[in-house]
Amino acid sequence: GSQFADIFNVDYFIESLRDEVKILKQLPEDSKLKIAESGSLYSMAPVSWSNMSYYYNKSFDVLHLTKSDARLANNGVPQEVQKLRCRVNYQALRFASPIEKLAKKIVRVLKRNGPFLVLHLRYEMDMLAFSGCNEGCSAEEIRELTAMRYAYPWWKVKEIDSEKVRREGLCPLTPEETTMALRALDVDPKIQIYIAAGDIYGGERRLASLREAFPRLVKKETLLPEKDLTPFRNHSNQMAALDYHVAVEADIFAPTYGGNMAKVVEGHRRFLGHRKTILLDRKAIVGLVDRYKNGDMSWDEFSTAMKEAHSDKMGQPTRRLEIAGKPKDEDYFYTNPQECLPDHHLQD
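The rules we used
- Residues numbered from 1 in each chain as written.
- Predicted model: local features only at pLDDT ≥ 70, side-chain atom pairs only at ≥ 80, totals over all residues.
- Heavy atoms only, no water.
- UniProt positions renumbered as here; feature names shortened; annotations may be inferred.
- 1 Å grid on protein atoms, 1.4 Å probe; cavity = no way out; pocket = protein on both sides within 12 Å on 5 of 7 lines; lining within 4 Å.
- Points joined across faces, edges and corners; volume = space filled by probe spheres on them.
- Nonpolar A, V, L, I, M, F, W, Y, C, P; charged D, E, K, R; others polar.
- Disulfide = S-S within 2.5 Å.
- Helix = DSSP H or I, 4+ residues; strand = E, 2+ residues; numbered from the N terminus.
- Buried < 20%, exposed > 50% of the residue type's maximum accessible area, 1.4 Å probe, protein only.

For the chain, an unreviewed UniProt entry supplies the name O-fucosyltransferase family protein and the organism Linum tenue. Taken from UniProt, the Subcellular location (unreviewed entry) comment for the chain reads in full: "Membrane". What the UniProt record of the chain gives under Sequence similarities (unreviewed entry) is the line "Belongs to the glycosyltransferase GT106 family."

Structure, rendered in structure tokens:
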């Protein structure tokens, strides 16, 4: 896996937070000695979604936290801490220079050619195998996906009713469903669509309808000379960092499945002035697509219904959803860091 320094600019991070937090590249000598003498370092995975008092009550000279994702509550945290989280995330964290340079180059190339939409099309083989979603796949592909799911012991669920999970809105949208949704929402057919994702399962066959509706379909491999990407090729996290930067800068961002990257990009775009983010409603979309395909509604009715379903899902200012006692189900702080945003008239 990648280390922090492979992705982020460490010196910039330390420097930009020096008035808030003292950050060291390594432990001071006396701490190293203490650990050497006792032969142990206190290691722990903090409890997810903990409030501040949880951290105040820890008294160790050196405490090694083994996990850091979602270890601080979304809500009920002092305002200044929430604001610090934003300063860390949106100002102190910059990608390492080679990543940042190349990401900026991609954005320059795109902007030269007019507006662009970044489509976070989560339609990779492992995603489909894991989720059990096989809409639009051939019998051979369904066998291949099922075999992959059975091959991974840590994927606990083996028997999955694809149609049922799809109806519940739990599948990543297929390229075809995505195309219909974007067309129905009147996305300009002349806009560039940048695909941010790994290899699309089924390749060109599955991208055909998207390419037909939006002929200016691009990805970093088609925009850049091969040699530019070579250093990042075998580092999926660095490739994802390139896509992250491009997604934040897009005229429109549209994720086809939740996922951490999509959630954090959404929040970053809110932070930068509520840039347009189409939060595709999977459950609504598959229901409408099926009704349209069955001939139960005309294209105009389909398009109207699609716009109604997404009227409040365009990244406009909105309150973060709080659910007392159920932090996993509420909106993630980084999806909508409202404490750091200018005070818009929030709609409830």
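That covers the picture; the talk isn't over yet.
Trainee: Whenever I open this one, empty space enclosed by the protein confuses me. Can you help?
Mentor: Empty space among the atoms becomes visible once a probe the size of a water molecule is rolled across them. One pass over the full model with this rule turns up 1 cavity of 30 Å³ or more. In this structure, the largest cavity encloses a volume near 70 Å³. Lining the largest cavity are 13 residues, with Arg166, Cys171, Pro172, Thr174 and Glu177 positioned closest to its centre. In terms of residue class, the lining of the largest cavity is made up of 7 nonpolar, 3 polar and 3 charged.

Trainee: Quick question: what am I supposed to make of the state of the cysteines here?
Mentor: Cysteine pairs can be covalently joined through their sulfur atoms, and such a bond is termed a disulfide. Across all of its chains, the model carries 2 disulfides by this definition. Shown here is the disulfide that connects cysteine 86 with cysteine 340, its sulfur atoms set 2.0 Å apart. The sign of the 85 degrees torsion about the S-S bond sets the cysteine 86-cysteine 340 disulfide as right-handed. With cysteine 86 in helix H5 (residues 79-92) and cysteine 340 in the segment after helix H17 (299-309), this pair connects stretches of sequence that are 254 residues apart. The burial state of cysteine 86 is the same as that of cysteine 340; both residues are buried. The disulfide bridge from cysteine 133 ends at cysteine 171, spanning 2.0 Å between sulfur atoms. The sign of the S-S torsion, about -90 degrees, decides the handedness of the disulfide formed by cysteine 133 and cysteine 171: left-handed.

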